[in-house]
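Spelled out from the first residue to the last, the chains are:
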Amino acid sequence: MAEILIKNGFVIDPSRKINGDVMDIAIKDDKIVDKVGSGAKVIDAKGKVVMAGAVDVHAHVAGPKVNAGRLMRPEDKLFKSPDAQEHYRMEMGFSIPSTFKTGYDYARMGYAFVMEAAMPPLHSPHVHEEIHDTPIIDEAALPVFANNWFVMEYLKNNEIENAAAYVAWIINATKGYGIKLVNPGGTAAWAWGLNCLGINDPVPYYDITPAEIITGLIKTNEYLGLPHSVHIHQNSLGDPGNYTVTLDSLKLAEGVKAKNKFGRDTVMHSTHIQFHSYGGDSWANFESKAKEVMDYVNSQKNITVDLGCVTLDETTTMTADGPFEHHLNNLNHLKWANVDVELETAAGVVPYVYDKNIKVCGIQWAIGLELGLYAKDPMRTFITTDHPNAGPFIRYPRIIKWLMSQKAREATLASFKYTDKVIDATNIHGIDRELTLYEVAQMTRNGPAKSLGLSHMYGGLGAGLDANVGVFNLDPKNMPSDPEMIEKALLRAAWFIKSGQIVVKDGEITNHGNKRTVWVNAKVKENPQVMRDINEKFLKNYTVAIGNYPVWDSLAPNPLVIDIDVEA
Amino acid sequence: MATITLKPFKTPELIIECNNITPDAFAGKTPAEIAELEIFEGKVREKLGDFFSVTGSSGNTAAETDILIDGDCSRVKYLGSKMTVGTITVNGNADMYVGGWMKGGKIHVKGNVDSFCGIAMEGGEIEVDGNAGNYVGCAYRGDWRGMRGGTIHIHGSAGNDIGTFMLGGTIIIDKNAFIHVSTHAEGGTVVIKGDVEGRVGGQMVKGDIYVFGNVQYMLPGFKEIDRVQKEIAGESATFRHYIGDLGERHPKSKGKEIYANLYVKASA
């Protein structure tokens, strides 16, 4: 490592409100600095845009369900795996790429950090082994909590302190990052073949409601002062008319204040909101409620969302929302994998083809983009595809193209088989907003970093931040008239520097980088009751002994640990 | 029409993968340019000319190009892979994946073919004078989209897993087949002129199977409903008509459930 100077680029850095000024960015070792000596390696970025390394707030890139997808879909690799680059590893797969392809493709798009969005605590060693196997990008993982027996028992009695002690124990044991909720209560109900479709449906056999689980975990999160807010996949995902459930659960955050030392001022992240913004009461009268949902999100300062845009590809859906995957399999009759994770969660995997000749898929595509276009605060609205559920992450540049160009949106819309029906059920036709690169940088860099409580390391180009810098073949003062050029430029960075190392040059990988695993070390007051409960359940209910449960340090050999200490 | 003749002169140490032996790849090229086309022996890139002598001339378009392989291709995979038009004739045997993902044109193999002949084929014609291995006209591993169109005619016998996940097109086997015919199929027609061991039509949703010989072990999911007179593949006969697989889901059309049909020639 040494000094690098990126000269004369158009710098876009919302963290310092810099919008396209011609500036130099200086790097010393793995940090951005104010200036470097004359011996620094110079990268000429003249006529190119320079942005911070991007931050993906939600993707499924490591762990048992991703691997189940790879195993059950050999056809995902057929004709979709490029020849190996010399000196680098084989890259395989499209919607569920191999670990190496995952790392390489994210780096080629200038991504520095990716959050694995659902880690089953019991299988956290597998998650960390795969994270370790994914080169270049920094990663963290969110353990899932909303269907966990302990959590439901403590929250039923409103024992926030006990819930916090348990959450802290799990986060430490699994080297996790925060609190993920997937279909609160519904996945637990799935063990009996049931589901919770509304937030006030009681969870069968547990005497608690999804609303109580959500509220309780928000309180737990702020009690602990974790860097990220709770990260929620809501109930009733993918059902026509579910937008009312979405609004009901978002309202649970009203009036709650963030308490943490990481500069985060939001208390709920509602993920892949596209899947939760549906109107109508059947697939026949299915329609967009993006405006209703986004109007509410715009009006509330303490929630963030990510889009979960449908990219119109053949992909592989995978979620801890077990009942949803069963429902989806009944719709498309393809392959289905289903697993129950003891006291903690469940998961399902089903391949899915988002076909532009199917009306519903066209409407889903429109809803994802409408949400991005209705967003008033790009610092609270992030671009994702819920990879791989609505599409693979390599389509992020395509989504940005659609968000930045009405021409590109209308061209795609016109290529549908049921263009008129999609227009009738959505508002996409005629929305003339075109996002700027500055707003895109907020949605992909500054915003997600802030929501994750990581803006002291990622998402900006100020001195002292990690040296993650992407240089792209785009001129923000003179954007190409052909929207395809936007996608092309963002898919393959001209340069990408990750932690001070040049990892991509001219769109190709040049270095395996120094990947890190980020996790939270949560220190709480000793809680004998919770420890007794944990020991008892391991003896009575778990198939593994407590000593074999935590993730060994050797599985995450490049740690970046964030310490929190709760004074209780 | 113009004919390019390939004559194998060297037996490869490993089995070679020749996705490039198609009229589409040869059209408009001189023999010298064709000899430069890339093939794989294991992970090593080689040239077509390292294993075949190339003579004759190709047409300006693939439709005007005929390829004659005058010799044995027992160690050549992926002949005619993804071809759209034109013809390939092999005076000998061929290895796996003959005509895989083929969209049009015709392939005639005068000897035997190994497994995966016509895998995920979409159109065109494959004719094999000898026997075929396993997986004739099947889907790629894991895929639910098998053969969609075209015709595969095997004049000899075939192995197991014929027409797995078949969606359309026709497969004719003149002699016998082993097990697993049209498993998971949702369309298409398979005709077996000889005997089949069993597992015919397992988890089949839609489509037709004709067996002129004996099905040694019938699956329990098929129910005999009537006897019908049918003409298929140039032969007319009376068949016992079964529907199934009753254990599988079945779509409805005009309020009536659609089943797969299995026709077994009635003994006289």
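Procedures and definitions
- Residues numbered from 1 in each chain as written.
- Chains lettered and ligands numbered in written order.
- Predicted model: local features only at pLDDT ≥ 70, side-chain atom pairs only at ≥ 80, totals over all residues.
- Heavy atoms only, no water.
- Helix = DSSP H or I, 4+ residues; strand = E, 2+ residues; numbered from the N terminus.
- Contact = heavy atoms within 4.5 Å.
- Core = buried A, V, L, I, M, F, W, Y, C linked by side-chain atoms within 4.5 Å.
- Buried < 20%, exposed > 50% of the residue type's maximum accessible area, 1.4 Å probe, protein only.
- Axes fitted to C-alpha atoms, helices over the stretch in contact; angles between N-to-C directions.
- Parallel < 35°, antiparallel > 145°, perpendicular 65-115°, else oblique.
- Nonpolar A, V, L, I, M, F, W, Y, C, P; charged D, E, K, R; others polar.
- Salt bridge = Lys/Arg side-chain N within 4 Å of Asp/Glu carboxyl O.
- Phe/Tyr/Trp six-rings, centres within 6.5 Å; stacked < 30°, edge-to-face > 60°.
- Lys NZ or Arg CZ within 6 Å of the ring centre and 35° of its normal.
- Pairing = 2+ DSSP bridges.
- Buried area = accessible area lost by both parts, 1.4 Å probe.
- Polar contact = N/O pair within 3.5 Å; in protein donor to acceptor, adjacent residues only side chain to side chain.

(A) Structural view of the environment of A:Ile32. Residues and elements named next belong to chain A. Within the secondary structure layout, Ile32 lies in strand S3 (residues 31-33). Taking the C-alpha atoms as reference points, Ile32 and Val469, separated by 437 residues in sequence, lie 9.1 Å from one another. Ile32 has contacts with Ile25, Ala26, Ile27, Gly460, Leu461, Gly462, Ala463, Gly464, Leu465, Asp466, Ala467 and Val469, leaving out every residue within four places of it along the chain.

(B) How the structure looks around the nonpolar core. Counting 155 residues, the largest nonpolar core has A:Tyr106, A:Tyr166, A:Tyr177, A:Leu217 and A:Tyr458 as its most contacted members. The biggest single contributor to this core is helix H5 (residues 160-174) of chain A, with eleven residues. Within the second largest apolar cluster, 59 residues are counted, among which are B:Cys73, B:Met121, B:Ile152 and B:Met204.

(C) Here's a closer look at the packing of helix H4 (residues 149-156) of chain A against helix H7 (residues 210-224) of chain A. Residues and elements named next belong to chain A. It is the contact of H4 with H7, at a shortest axis distance of 10 Å, that shows an interaxial angle of 90°. With respect to their mutual orientation, H4 and H7 come out roughly perpendicular. Touching Val151, Met152 and Leu155 of H4 are Glu212, Ile213, Gly216, Leu217 and Thr220, all from H7. The residue inventory of the contact of H4 with H7, partitioned by class, reads five nonpolar, two polar and one charged.

(D) Seen up close, helix H2 (residues 99-108) of chain A. Residue and element names in this part refer to chain A. Counting buried positions along H2 gives ten out of ten residues, so the element sits mostly inside the fold. Along H2, the positions that sit buried rather than exposed are Thr99, Phe100, Lys101, Thr102, Gly103, Tyr104, Asp105, Tyr106, Ala107 and Arg108. Just beyond H2, the residue with positive phi is Gly110, at close to 80°.

(E) Representation of the pattern of salt bridges in the model. This structure, assessed with the given rule, holds 41 salt bridges over all chains. A salt bridge links A:Asp533 to A:Arg532; the nearest nitrogen and oxygen atoms lie 3.3 Å apart. By relative accessible area, which is 15% here, A:Asp533 ends up buried. By relative accessible area, which is 53% here, A:Arg532 ends up exposed. Linking B:Lys7 and B:Asp70 is a salt bridge whose minimum nitrogen-to-oxygen distance equals 3.8 Å. Within this pair, whereas B:Lys7 is found in strand S1 (residues 2-8), its partner B:Asp70 is found in the loop between strand S6 (65-69) and strand S7 (76-77), the two being separated by 63 residues in sequence. Residue B:Asp70 is classed as partly exposed on the basis of its relative accessible area of 31%.

(F) Broad picture of the packing of aromatic side chains. For the structure shown, the criterion picks out 28 aromatic pairs over all chains. With a centroid separation of 4.5 Å and 5° between ring planes, the pair formed by B:Tyr78 and B:Tyr97 is classed as stacked. Residue B:Tyr78 is located in the loop between S7 and strand S8 (87-90), and its partner B:Tyr97 is located in the loop between S8 and strand S9 (106-109); the two are separated by 19 residues in the primary sequence. The class for B:Tyr78 is buried, based on a relative accessible area of 16%. Feature note: the residues A:Phe79, B:Tyr78, B:Tyr97, B:Trp101, B:Phe116, B:Tyr135 and B:Tyr140 constitute an aromatic cluster, connected by ring pairs. In this structure, A:Lys291 is placed above the aromatic ring of A:Tyr374, and the distance from its NZ or CZ to the ring centre is 5.3 Å. Its end group placed over the ring of B:Trp144, B:Arg145 keeps NZ or CZ at 4.0 Å from the ring centre.

(G) Quick peek at the sheet that holds strand S16 (residues 337-341) of chain A. Residue and element names in this part refer to chain A. If you walk across this open sheet you meet the three strands as S15-S17-S16, and the pairing is antiparallel. Single-partner strands in this sheet number two, and they are strand S15 (314-319) and S16. Pairs of neighbouring strands in the sheet enclose a mean axial angle of 15°, with direction left out of account. Lying over the sheet, helix H1 (residues 64-72) contacts S15, S16 and strand S17 (345-353), oriented at roughly 40° with respect to S17. Where helix H10 (residues 322-332) meets the sheet, it contacts S15 and S17, and its direction lies at approximately 25° from that of S17.

(H) Region of the structure containing the interface of chain B and chain A. Each partner contributes to the interface: chain B provides ten residues, whereas chain A provides twelve residues. Summing both partners gives a buried area of about 970 Å² for chain B against chain A, and 66% of it is carried by carbon and sulfur. Considering only the surface of chain B that becomes buried against chain A, B:Tyr140, B:Trp144 and B:Arg249 emerge as the three largest contributors, covering 49% of it. Here chain B and chain A share one salt bridge between them. With a closest N to O distance of 2.8 Å, B:Arg145 and A:Glu314 form a salt bridge. Viewed at the interface, chain A and chain B are joined by two residue pairs in polar contact (both at pLDDT 80 or more).

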